[in-house]
Amino acid sequence: MTRRPAGRTVLLAAAELLAWWVALALLWLVLVSTVDTLERIVGASCAALGALLARAGRRAVTWR
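Numbering of residues starts from 1 in each chain and follows the order in which that chain's sequence is written. For a predicted model such as this one, the threshold for reporting local features is a pLDDT of at least 70, and the threshold for listing and counting side-chain atom pairs is 80 or more; totals across whole chains, interfaces and linings nevertheless cover every residue. As a rule here, side-chain values come from all non-hydrogen atoms in the structure, and water together with hydrogens is ignored.

Right, let's talk about a nonpolar patch on the surface for a bit. A contiguous nonpolar surface patch, about 510 Å² in accessible area, is contributed by Leu18, Trp21, Val22, Leu26, Leu29 and Val35. Along the chain, Leu18 turns up in helix H1 (residues 6–31). Using a relative accessible area of 52% as the deciding quantity, one classes Leu18 as exposed. Residues form patches when they are more than 30% accessible in relative terms and have no salt bridge. Like charges link within 9 Å. Nonpolar side chains (Val, Leu, Ile, Met, Phe, Trp, Tyr) link within 5 Å. Where accessible areas are quoted, they stem from the Shrake-Rupley method and a 1.4 Å probe; at the residue level, only the protein chains shown are allowed to cover. Definition used for salt bridges: Asp or Glu carboxyl oxygen within 4 Å of a side-chain nitrogen of Lys or Arg. Note on conventions: DSSP H or I runs of at least 4 residues are helices, E runs of at least 2 residues are strands, and numbering of each starts at the N terminus. The buried label applies to any residue whose accessible area, calculated with a 1.4 Å probe on protein chains only, is under 20% of its type's maximum; exposed applies above 50%, and partly exposed to all values in between.

So this is what it looks like as structure tokens:
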């Protein structure tokens, strides 16, 4: 098993979280009818939580 440098691992984790967040935020925007400031904050927060859970779930399945 090869080990990655710590900086690269952090960068890959951040990129994966960002990708999940963008996908979930876009899905939320498609499903919501009106958008005001509070809804944007709630939607971004829920997308961030969903991104963390998606990464944790993927890591649990792939053992990385």
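A full pass over the atoms with the stated rule returns two salt bridges. Arg55 serves as the salt-bridge partner of Glu16, at 2.6 Å between the closest nitrogen and oxygen. Separated by 39 residues along the polypeptide, Glu16 in helix H1 and Arg55 in helix H2 (residues 37–62) bring together distant segments of the chain. Like Glu16, the residue Arg55 is buried in the burial classification. Overall, the relative accessible area of 15% leaves Glu16 in the buried class. Taken together, the shared-partner salt bridges connect Glu16, Arg55 and Arg58 into one network.

With that settled, the discussion passes to the packing of H1 against H2. Lines are fitted to the C-alpha atoms to define the axes, a helix being fitted only along its stretch in contact, and any angle between axes, read from their N-to-C directions, falls within 0 to 180 degrees. Close contact between H1 and H2 brings their axes to 8 Å; oriented N to C, the two are set at 130°. In this view, H1 runs oblique relative to H2, as classed from their interaxial angle. The interaxial crossing formed by H1 with H2 has right-handed handedness. Side by side, H1 and H2 meet where Ala13, Glu16, Leu17, Trp20, Trp21, Leu24, Ala25 and Trp28 of the first sit next to Glu39, Arg40, Gly43, Ala44, Ala47, Ala48, Gly50, Ala51, Leu52, Ala54, Arg55 and Arg58 of the second. Each residue belonging to the contact of H1 with H2 can be placed in one class, and the counts come to 13 nonpolar, two polar and five charged. For this classification, under 35 degrees means roughly parallel, over 145 means roughly antiparallel, 65 to 115 means roughly perpendicular, and everything else is oblique. It is the rotation of the near helix from the far one that decides the hand of a crossing: anticlockwise by less than a right angle makes it left-handed, clockwise makes it right-handed. Contacts: residue pairs with any heavy atoms within 4.5 Å of one another. Residues are grouped as follows: nonpolar covers Ala, Val, Leu, Ile, Met, Phe, Trp, Tyr, Cys and Pro; charged covers Asp, Glu, Lys and Arg; every other residue, Gly included, is treated as polar.

Here the focus is the UniProt feature "transmembrane region" (unreviewed entry) in the chain. UniProt positions are given in the numbering used here, feature names are shortened, and annotations may be inferred rather than shown by experiment. Within this structure's numbering, the places UniProt gives as "transmembrane region" (unreviewed entry) are residues 12–31. The distance from the first to the last C-alpha atom of residues 12–31 is 29 Å, and the span holds 100% helix and 0% strand.

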